[in-house]
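Results of the structural survey
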Amino acid sequence: NGCIRCRLCIRVCNEIVKAKALKMVKTKTGSRVVPQAGRCIGCGTCANLCPTNIIKVRDLGNVRTVSIKEEIIGQLPLERCEGCGRMYATSNFLRHVEESTLAHPDTKEHHHLCPSCIKLMSNRAVTERERIKK
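Residues numbered from 1 in each chain as written. Predicted model: local features only at pLDDT ≥ 70, side-chain atom pairs only at ≥ 80, totals over all residues. Heavy atoms only, no water.

1. Some details on the overall build of the chain
What the chain contains, in helices and strands, is four helices and six strands. Counted from the first residue to the last, the chain has its helices and strands arranged as α-β-β-α-β-β-β-β-α-α. Radius of gyration (C-alpha) of the chain: 18 Å, far over the 14 Å computed for a compact globule of 134 residues. Projecting the C-alpha coordinates of the chain onto the three principal axes gives extents of approximately 70 × 35 × 25 Å. Across the chain, every contact between residues at least 6 apart in sequence was considered, and the portion connecting residues at least 24 apart equals 39%. Only carbon and sulfur atoms are counted for the fraction: they give 53% of the accessible area of the chain, which is about 9300 Å². (Helix = DSSP H or I, 4+ residues; strand = E, 2+ residues; numbered from the N terminus. Rg over C-alpha atoms; globule rule 2.2 N^0.38 Å. Contact = heavy atoms within 4.5 Å. Areas by Shrake-Rupley, 256 points an atom, 1.4 Å probe, with all protein chains shown as cover.)

2. A word on the nonpolar core
With 19 residues, the main nonpolar core has C9, L22, I55 and I68 as its most contacted residues. For this core, the elements supplying multiple residues, two or more each, are α1 (8-17), α2 (45-49), β4 (63-68) and β5 (71-80). A per-element tally of this core places α1 first, with four residues. Aside from chain neighbours lying at most four places away, what touches I68 is L22, V33, I54, I55 and I73. (Core = buried A, V, L, I, M, F, W, Y, C linked by side-chain atoms within 4.5 Å. Buried < 20%, exposed > 50% of the residue type's maximum accessible area, 1.4 Å probe, protein only.)

3. So, the sheet that holds β4
Spatially, the four strands line up as an open sheet ordered β3-β4-β5-β6, and their pairing is antiparallel. Every interior strand has two partners, whereas the edge strands, β3 (55-60) and β6 (87-90), have only one. When the angles between neighbouring strand axes are averaged without regard to direction, this sheet yields 30°. Two elements, β4 and β5, share six bridges in a ladder whose sense is antiparallel. For V63, the partnering residue across the bridge sits in β5 and is P77. Along the sheet face, helix α3 (residues 91-101) touches β5 and β6 and points at about 60° away from the line of β6. (Pairing = 2+ DSSP bridges. Axes fitted to C-alpha atoms, helices over the stretch in contact; angles between N-to-C directions.)

Read these as layout, nothing more, since geometry by itself doesn't imply function.
Here it is, written out as structure tokens:
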């Protein structure tokens with residue numbers, strides 16, 4: 001089916017993201033990656049690591065669909081960036097990040113900003129610090 005059974009998607013989902021949305025099961029025709037019902041947070045990390053591009057992430061309107069071949073792993077609503085208004089991440093992913101980082105001592109107030117707006121804000125902060133030093 002195109003999957004080389006490298007298990008990178010399973011490892012990143014379980015060990016790094018900690019969503020535990022994927023597992024390997026043995027079937028009559030061999031092993032295959034299958035979703036754990038309701039566990040996908042729609043981060044897309046599995047698709048980014050898949051060396052065969054069997055795992056796909058598609059954003060259409062305000063819904064993100066994650067699938068392995070034709071099998072849908074998750075369909076999740078997207079949130080709008082507070083900066084530019086672009087749909088950029090799923091509600092489940094943002095909630096997962098907030099819950100995962102809540103106890104960390106360096107966690108700041110959570111903002112829902114896309115990567116482009118975060119970079120823009122970071123660049124502005126650095127520029128402002130340099131201006132204040134002078």
